[in-house]
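# Survey of secondary and tertiary structure
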Amino acid sequence: MSIKILVLSGSNRTDSLNQKLAETLKNILSDKEFDAKCLRLSDYKLPLFNADLPLPVEAETLANEIWQCDGLVIASPEYNGSLAPLLKNALDWASRVKIDDEKPYAFYEKSCYLTACSPGALGGFRGLKHLRDVLTSVGGLVLNNQLAVGNGFEAFDDAGNLVDERIKKMAVAGLDDLVVSIKRVQAVTR
Ligand SMILES: Cc1cc2nc3c(=O)[nH]c(=O)nc-3n(C[C@H](O)[C@H](O)[C@H](O)COP(=O)(O)O)c2cc1C
């Protein structure tokens, strides 16, 4: 049975480190013949969340992309020890899209692997705790295993690959854990 994995980057910055990380992770999954795709959240024209606004069509499109995947990988920039506003805004909008009564959120029972990259030594590790809390609130199954890539400006070669073999191995191990989690969920829900 094919496994669909969606990889999202939480940055809209040109030359984003997290976009590079997202693409690298997507490529690792594609090389293993999983059905993986990378989406740029900045392609979704979502206003700043306001509960007075009608639900934008783009929020429904994003929520459906999330709902239709078996697992989610997020590359999350760290802003002031937390997640970036683009990502928080997109997650909040997507959380307003009701899937059905039994499974109210697109994220429900979705296995999630959290990753980050930053120029700092900690690699955006602190922000992942906040992201974990957000995703857990909407029914996501967030892996214990997570990846924070430090010294981000030196972390990728010109082709966008991770240069440090140790980090690459950690990324592969995290993605393997994600697939195990997805298969566990599929075993009890299908
Ligand atoms: C408002 C703001 C706050 C930031 N706070 C942190 C931080 O807490 N920790 C950190 O490691 N980097 C921090 N940074 C640096 C970002 O990690 C860096 O800009 C990184 O390149 C962002 O990810 P991106 O390249 O994917 O856009 C901050 C940057 C900005 C603009």
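Please refer to the structure higher up on the page.
Here's what I pulled together on the structure shown here.

The rules behind each value
- Residues numbered from 1 in each chain as written.
- Predicted model: local features only at pLDDT ≥ 70, side-chain atom pairs only at ≥ 80, totals over all residues.
- Axes fitted to C-alpha atoms, helices over the stretch in contact; angles between N-to-C directions.
- Helix = DSSP H or I, 4+ residues; strand = E, 2+ residues; numbered from the N terminus.
- Left-handed = near helix turned anticlockwise from the far one by under 90°.
- Contact = placed C-beta atoms within 7 Å.
- Nonpolar A, V, L, I, M, F, W, Y, C, P; charged D, E, K, R; others polar.
- Expected span 1.5 Å × (residues − 1).
- Buried ≥ 20, exposed ≤ 12 C-beta atoms within 10 Å, placed from the backbone.
- Arc of directions from axis to C-beta.

## Focus on the packing of helix α1 (residues 17–31) against helix α5 (residues 165–189)
At their nearest, the axes of α1 and α5 sit 11 Å apart, and the two run at 60 degrees to each other. Two packed elements cross with a definite hand, and for α1 against α5 that hand is right-handed. Here Leu25, Ile28 and Leu29 of α1 lie close against α5, whose contacting residues are Ala171, Val172 and Leu175. Residues of the contact of α1 with α5, tallied by class, amount to 6 nonpolar, no polar and no charged.

## Quick look at helix α2 (residues 57–68)
Its 12 residues place the ends of α2 16 Å apart at the C-alpha level, agreeing with the 16 Å of an ideal helix rising 1.5 Å per residue. Three or more residues of α2 are buried, namely Ala59, Leu62, Ala63 and Ile66. The buried residues of α2 occupy one face: seen down the axis, they fall within an arc of 100 degrees. Exposed side chains of α2 directed beyond 90 degrees from the buried face belong to Val57 and Gln68.

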